[in-house]
Amino acid sequence: MLKTGLKAFSHPWRWYWLALGVILLDIATKVWAVEAFMYGPAMQIIPGLLQFTYAENYGAAFSFLADAGGWQRWFFGVIAFGFSIVVTVWLWRLSPAKRWEPAALGLILGGAIGNLWDRMLLGYVRDFISVYYGSWSFPVFNVADMAISIGAAMLVIELLFFAGKKGEAEKSAEV
């Protein structure tokens, strides 16, 4: 009975649960940021380095095309939706033995859908994490952006350091 109950968390469902967790955390933190910082002052977390604030991003990464006139909402929405379908199918086709790659894809999928939710519902993405030093500042971002970035870094690490080793192990097992 216990084994049947945990079937919802078996491959590939566990990675979709991870994506859902990212989506829910992203939405919850954005709601919190709107309530806390939309009309109020920023909250210094590490003075001179990190603060929570509120920003609306009408473009893509780093506000790319933010002033394009509105068409970018639908353009980026279609791209995010299509990308989410590709990642969903990719996750489904992975071997149940894999852990690193599907975890990375789950993070990316959750982040993409989290930002897609904002873009389609509001026409912009809500950002609230600000990293800065002196007069330099990194573009404000959110939990979905972090999940996408961490997932992408994990995929790069997989490709650079582990992809060739898995291929060699599979070849030696065939011989």
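As a starting point, this report considers the structure included with it. Fair warning: this is a prediction, and the values are worked out from it, not measured in the lab. (Residues numbered from 1 in each chain as written. Predicted model: local features only at pLDDT ≥ 70, side-chain atom pairs only at ≥ 80, totals over all residues. Heavy atoms only, no water.)

Topologically, serine 84 is positioned in helix 3 (residues 71-93). Using a relative accessible area of 6% as the deciding quantity, one classes serine 84 as buried. Residue contacts for serine 84: discarding those within four places in its chain leaves Leu109, Ala112 and Ile113. (Helix = DSSP H or I, 4+ residues; strand = E, 2+ residues; numbered from the N terminus. Buried < 20%, exposed > 50% of the residue type's maximum accessible area, 1.4 Å probe, protein only. Contact = heavy atoms within 4.5 Å.)

Summed over the entire model, instances satisfying the criterion amount to eleven aromatic pairs. Relative to phenylalanine 52, the ring of phenylalanine 37 lies with its centre 6.4 Å away and its plane at 55 degrees, an arrangement referred to as tilted. With a gap of 15 residues between them, phenylalanine 37 in helix 2 (residues 13-37) and phenylalanine 52 in strand 2 (residues 50-57) connect regions that are remote in the sequence. We classify phenylalanine 37 as buried; its relative accessible area is 5%. When the centroid spacing of 6.0 Å and the interplanar angle of 80 degrees are considered together, the rings of phenylalanine 138 and phenylalanine 141 count as edge-to-face. Given a relative accessible area of 16%, phenylalanine 141 falls into the buried group. Aromatic ring contacts, followed pair by pair, group Trp32, Phe37, Phe52 and Phe128 into a single cluster. (Phe/Tyr/Trp six-rings, centres within 6.5 Å; stacked < 30°, edge-to-face > 60°.)

What follows concerns the sheet that holds strand 3 (residues 125-133). Spatial strand order, 1-2-3-4: four strands in an open sheet with antiparallel pairing. For this open sheet the edge positions go to strand 1 (43-46) and strand 4 (136-137), each flanked by a neighbour on one side alone. As paired elements, strand 3 and strand 4 share two bridges and run antiparallel to each other. Following the sheet pairing, tyrosine 133 is matched in strand 4 by tryptophan 136. Sheet contacts for helix 2: strand 1, strand 2 and strand 3; angle to strand 3, the most-contacted strand, approximately 70 degrees. Across the sheet, helix 4 (residues 100-122) is in contact with strand 2 and strand 3; its angle to strand 3 comes to roughly 125 degrees. (Pairing = 2+ DSSP bridges. Axes fitted to C-alpha atoms, helices over the stretch in contact; angles between N-to-C directions.)

On to helix 2, then. The terminal C-alpha atoms of helix 2, which comprises 25 residues, lie 36 Å apart, in line with the 36 Å expected from a rise of 1.5 Å per residue. Of the residues making up helix 2, those classed as buried are Trp15, Tyr16, Ala19, Val22, Ile23, Asp26, Ile27, Thr29, Lys30, Ala33 and Phe37. (Expected span 1.5 Å × (residues − 1).)

On to the pairing of strand 2. As paired strands, strand 1 and strand 2 are joined by three bridges and run antiparallel to one another. Across the sheet, glutamine 44 pairs through a bridge with glutamine 51, a residue of strand 2. Connecting strand 1 to the next strand, strand 2, in antiparallel fashion are three residues, including glycine 48 with a positive phi near 80 degrees. Here strand 2 pairs with strand 3 via six bridges, running antiparallel. Bridge pairing in strand 3 places glutamine 51 opposite serine 130.

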